[in-house]
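Spelled out, the chains give:
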Amino acid sequence: MSRFSTRFVFAAAALLTATSVQAADFSEGSTAKEWGLYGEEKAMFSGKVVDIMCELSGNCADNCGDGRRNLGVVRDADNALVMVLKNAQSAFNGATADLLPFCNKAVDVDGVMIGDDEDSPSRFYMVQKIRAKGDAEWTKANKWTKDWAKKNPDAKGKGPWFRRDPRVLKQLAAEGHFGLGVEFDQQYLKDNE
Amino acid sequence: MFTRSKSFLAAAGIATTSLFASPAFATGETIEVTGEVIDTWCYYSGVMGFSEAVRGTSHHTCALWCAAGGIPVGIRTEDGAVYMVLKIEDEDPLAQTDKVMELASDEIRAKGTHYKRDGVNYILVDKVVENKGITFRSHEDYDSVPPFSAPKKPKG
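Residue indices begin from 1 for each chain and proceed along its sequence in written order. Chains and ligands are labelled sequentially in the order written, the chains with letters from A and the ligands with numbers from 1. The model is predicted, so local features are restricted to residues of pLDDT at least 70 and side-chain atom pairs to those at 80 or more, both for listing and for counting; the totals for chains, interfaces and linings are taken over all residues. Calculation of side-chain values draws on the structure's entire complement of heavy atoms; hydrogens and water are dropped beforehand.

A. Quick look at the pairing of strand β3 (residues 82-88) of chain B. Residues and elements named next belong to chain B. Within β3, 7 of the 7 residues are buried, leaving the element largely enclosed by the surrounding structure. Any two strands with at least two DSSP bridges between them are considered paired. The numbering of helices and of strands both runs from the N terminus, where a helix is a DSSP run of H or I of at least 4 residues and a strand a run of E of at least 2. Sheet analysis places strand β2 (residues 73-77) next to β3, joined by 3 bridges and oriented antiparallel. Opposite I75, over in β3, you have Y83 as the bridge partner. In textbook terms, the turn of a hairpin is the stretch between consecutive antiparallel strands, and for β2 and β3 this stretch comprises 4 residues, one of which, G80, has a positive phi near 95°. Relative to strand β5 (residues 120-131), β3 runs parallel, the two sharing 5 bridges. Residue K87 lies in a different strand from β5, and its bridge partner there is L124. Residue exposure (1.4 Å probe, protein chains only): buried if accessible area is under 20% of the type maximum, exposed if over 50%, otherwise partly exposed.

The following block contains the structure:
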């Protein structure tokens, strides 16, 4: 390698490390659906599903917390801890139900990296498909709603889950839709008749 | 940037980060932060609009939906830094209890242990020292975000 090339490698590597290790391009081969999100980049990679608190602090729980903890994927290529915010569903669903069956296991994931906030330039992941490493078949990351229905058998009814969720309904009854009280909601409805 | 140089930079980044890979467990730093408990998906993804519209009163109902849906919550400080919450006092954040719901959109002061890895701030909240409730009255500019999260008249 020439002197110029060597300098370029070190300069580029230093720049990348200084900004974010998550800036690498993992889009090759991805078939993820585009959502038009901030800083969206398709990303398919291999790694290990982890309980993030355990990974960072050593405070670990059986089966990655059994759905009570936030999960992520430690990427094989660069050891980056990628926090997963979302699954492939479109109704306010996280990804824990989809990742939990693979706790501490090697996986391939396909989805999109997001985030380009000026003040907090962190990058996060939306997982759309997952498979155990070595498997041919992918599983869609859309388990959340069925998982919720099993946990909330008394919340059956029409409409999406978030209109029937007991915890949401309890909080809305206590503090209203804007968090300013139920009386504020009533006035809002009068003003918008 | 054309493909070849993008691939080259990615390879250089991977090589470098492998040299400086994080230890198995990091030592956390005790900190105190003041900020709003936010719905991190809507905040970072822009799926519902830009960041001011997806905080505070305008986005409170959606923040409840996302918290109940298992989307991680964060604490956003006044200077824009966001700390992803991995524990709240004695509870795991996705434990299906009311704690994370009660804190949604509130401005809190919290003591805890801070970790940073790969450009992301994390916090294990030991104690919520103060809760001022919802202080960012974003509905005055943005109404309800998304619009279908606005209160509805009861049927009948």
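Having seen the structure, we can now continue with the description.
B. Region of the structure containing helix α6 (residues 182-191) of chain A. All names here are of chain A. Along α6, the residues that are buried comprise D185, Y188 and L189. Down the axis of α6, the smallest arc covering the buried residues is 100°, so these residues share one side. Turned more than 90 degrees off the buried face of α6, the exposed positions are E183, K190 and D191. Of all possible arcs, the one meant is that of the directions from the helix axis to the C-beta atoms.

C. Representation of a negative patch on the surface in the model. A cluster of acidic residues, E118 and D119 of chain A together with E78 and D79 of chain B, forms a negative patch at the surface. With respect to the helices, strands and loops of the structure, E118 of chain A is situated in the loop between β4 (106-114) and β5 (124-132). For E118 of chain A, a relative accessible area of 76% translates into the label exposed. Distance thresholds for patches are 9 Å for like charges and 5 Å for nonpolar side chains (Val, Leu, Ile, Met, Phe, Trp, Tyr), applied to residues having over 30% relative accessible area and no salt bridge. Exposure was quantified through the Shrake-Rupley algorithm and a 1.4 Å probe, taking into account, for residues, occlusion by the shown protein chains and nothing else. One speaks of a salt bridge when a side-chain nitrogen belonging to Lys or Arg is within 4 Å of a carboxyl oxygen belonging to Asp or Glu. For the purpose of charge, His is not counted, nor are the chain termini; Lys and Arg are scored as positive and Asp and Glu as negative. Working definition for charges: the position is that of NZ of Lys, CZ of Arg, CG of Asp or CD of Glu.

D. Geometry of the packing of aromatic side chains. Think of it this way: a Phe, Tyr or Trp ring, Trp meaning its six-membered ring, pairs with another when their centres are within 6.5 Å, and the plane angle makes it stacked under 30 degrees, edge-to-face over 60, tilted otherwise. Considering all chains together, one arrives at 15 aromatic pairs over all chains under this definition. With a centroid separation of 6.4 Å and 85° between ring planes, the pair formed by W35 of chain A and W41 of chain B is classed as edge-to-face. Within this pair, whereas W35 of chain A is found in the loop between α1 (3-19) and β1 (41-51), its partner W41 of chain B is found in helix α2 (residues 40-45), the two belonging to separate chains. Residue W35 of chain A is classed as partly exposed on the basis of its relative accessible area of 24%. Here F50 of chain B and Y142 of chain B contribute two aromatic rings whose centre-to-centre distance is 5.6 Å and whose plane-to-plane angle is 85°, an arrangement assigned as edge-to-face. One end of the pair, F50 of chain B, is in the loop between α2 and α3 (60-68); the other, Y142 of chain B, is in helix α5 (residues 139-142), and 92 residues separate them in sequence. Each residue in the set F92, W144, W148, W161 and F162 of chain A together with W65 and F148 of chain B is aromatic and connected to the rest through ring pairs, giving one cluster.

In short, shape yes, function no, at least from these values alone.
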